[in-house]
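For reference, the chains in residue letters:
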Amino acid sequence: MAQETKGTMGRFIAFEGIDGSGKTTQAARLAARLNRMGLACCQTREPTAGPIGSLVHQIMTGRIAADNRVVAALYAADRLDHLLNQTDGILPLLEQGTHVLTDRYYFSSYAYHSVDMPMDWVIEANAQAAQLLRPTATIFIDVDPNTALERISKNRFHTEIYENLARLTKTRELYFQAFEKEKDRENILILDGSMTEDQLEEQVWEAVKGYF
Ligand code: TYD
């Protein structure tokens, strides 16, 4: 069961995928398309640039050490702040009719943190966010982990702790486990990320245009 898609509330689309999947580009392309159509739209991401997200970034880059359970809980806290804060929170934006596209949401947590702990624990840790807001649609851009790793090595000076082939492969598997677990209460759209960016942009639009 996804967010109510009719009425004055903005739509909320979550882009998901392993690192190097191209989800950030596709979120930006959809945002540009909606803007061209004259629709109020805001692109955002997790981890956020807010105070809790900054802490998460410092852990990700190895500047601060923390237990995996603490990391998972911080991502969940960052997500609640992302939804609720009064400066640029997702819920206030949706309530004023702005559409919001996010680069990652709770399925990232389900996939990335279930490497270290039971997925049910991770889902439970994010229950508040899920209760507050389920996406109108979650778009998963599916790419082969080898392709993803190639793209990452080409485009970045440094890779983060999660970015190696075994990790990417495992994360992709866990995404699919999470989709299977949550399929009755989520609207999950899986797209093939191996096509060109232009082709994929069209596929994304075909998948979501009915919501706008
Ligand atoms: P990413 O989209 O890769 O950011 P960037 O392109 O700037 O490096 O996201 C950062 C990392 O955070 C990514 O490897 C996945 C991880 N992550 C989690 O482990 N849990 C979460 O809940 C989220 C949202 C992200």
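Our subject is the structure that appears above.
Residues numbered from 1 in each chain as written. Predicted model: local features only at pLDDT ≥ 70, side-chain atom pairs only at ≥ 80, totals over all residues. Heavy atoms only, no water.

(A) How the structure looks around the sheet that holds strand β1 (residues 12-16). Reading across the sheet, the five strands line up as β2-β3-β1-β4-β5 and stay open at both edges, with parallel pairing between neighbours. The sheet terminates laterally at β2 (41-45) and β5 (188-192), the two strands that pair on one side only. Each adjacent strand pair in this sheet contributes to an overall mean axis angle of 20°, direction not counted. Note: strand β4 (residues 137-142) against β5, five bridges, orientation parallel. Its bridge partner being in β5, Ile141 is matched across the sheet by Leu191. (Pairing = 2+ DSSP bridges. Helix = DSSP H or I, 4+ residues; strand = E, 2+ residues; numbered from the N terminus. Axes fitted to C-alpha atoms, helices over the stretch in contact; angles between N-to-C directions.)

(B) Geometry of the packing of helix α5 (residues 106-113) against helix α9 (residues 165-182). Where α5 meets α9, the closest approach of the two axes is 7 Å, and the angle between their N-to-C directions is 125°. Classified by the interaxial angle, the pair formed by α5 and α9 is oblique. Crossing handedness for the pair α5 and α9: right-handed. Between α5 and α9, the contacting residues are Phe107, Ser108, Tyr110, Ala111 and Tyr112 on the first element and Arg167, Thr171, Leu174, Tyr175, Ala178, Phe179 and Glu182 on the second. Across the contact of α5 with α9, the residue classes break down as eight nonpolar, two polar and two charged. (Parallel < 35°, antiparallel > 145°, perpendicular 65-115°, else oblique. Left-handed = near helix turned anticlockwise from the far one by under 90°. Contact = heavy atoms within 4.5 Å. Nonpolar A, V, L, I, M, F, W, Y, C, P; charged D, E, K, R; others polar.)

(C) Examining empty space enclosed by the protein more closely. Throughout the structure, instances matching the rule amount to one cavity of 30 Å³ or more. In this structure, the largest cavity spans a volume of roughly 30 Å³. In terms of lining, the largest cavity is formed by Gln26, Arg29, Leu30, Arg33, Glu201, Val204 and Trp205. For the lining of the largest cavity, the secondary-structure elements that each account for two or more residues are α1 (23-36) and α10 (197-208). Top contributing element to the lining of the largest cavity by residue count: α1, with four residues. Here the lining of the largest cavity is composed, by residue class, of three nonpolar, one polar and three charged. (1 Å grid on protein atoms, 1.4 Å probe; cavity = no way out; pocket = protein on both sides within 12 Å on 5 of 7 lines; lining within 4 Å. Points joined across faces, edges and corners; volume = space filled by probe spheres on them.)

(D) Highlighting the site of the ligand. In the vicinity of the ligand lie 16 residues, with Asp19, Arg79, Arg104, Ser109 and His113 positioned nearest. At a separation of 3.2 Å, an oxygen atom of the ligand approaches a polar side-chain atom of Lys23. In the model, an oxygen atom of the ligand is placed 2.9 Å from a nitrogen or oxygen of the Tyr75 side chain. Considered on its own, the ligand offers 550 Å² of accessible surface; in the complex 91% of this is hidden by protein. (Near = heavy atom within 4 Å. Polar contact = N/O pair within 3.5 Å; in protein donor to acceptor, adjacent residues only side chain to side chain. Areas by Shrake-Rupley, 256 points an atom, 1.4 Å probe, with all protein chains shown as cover.)

(E) Highlighting the environment of Thr136. Assignment of secondary structure puts Thr136 in the loop between α7 (127-132) and β4. The spatial distance from the C-alpha of Thr136 to the C-alpha of Gly22 is 20 Å, given a sequence separation of 114 residues.

(F) Structural context of the pattern of salt bridges. Considering all chains together, one arrives at 17 salt bridges under this definition. Between Glu173 and Lys170 there is a salt bridge; the shortest N-O distance is 3.9 Å. Taken together, the positions of Glu173 and Lys170, both in helix α9 and three residues apart, correspond to about one turn of that helix. Here Glu173 falls in the partly exposed class, since its relative accessible area comes to 40%. A relative accessible area of 34% means that Lys170 is categorised as partly exposed. Three or more residues are tied together by salt bridges with common partners; here these are Arg29, Arg33, Glu197, Asp198, Glu201 and Glu202. (Salt bridge = Lys/Arg side-chain N within 4 Å of Asp/Glu carboxyl O. Buried < 20%, exposed > 50% of the residue type's maximum accessible area, 1.4 Å probe, protein only.)

(G) Highlighting α9. A rise of 1.5 Å per residue sets the reference length of α9, with its 18 residues, at 26 Å; its end C-alpha atoms lie 26 Å apart and thus fit the reference within 8%. For α9, the full list of buried residues reads Arg167, Leu168, Thr171, Leu174, Tyr175, Ala178, Phe179 and Glu182. All buried residues of α9 fall inside an arc of 145° around its axis, so they share one side. Check the buried side of α9 and you find it contacts β1, α5, α6 (119-125), β4, α8 (145-155) and β5. Between the side-chain oxygen at the start of α9 and the backbone nitrogen of Ala166 there is a gap of 3.3 Å, and the oxygen is on Asn164. (Expected span 1.5 Å × (residues − 1). Arc of directions from axis to C-beta.)

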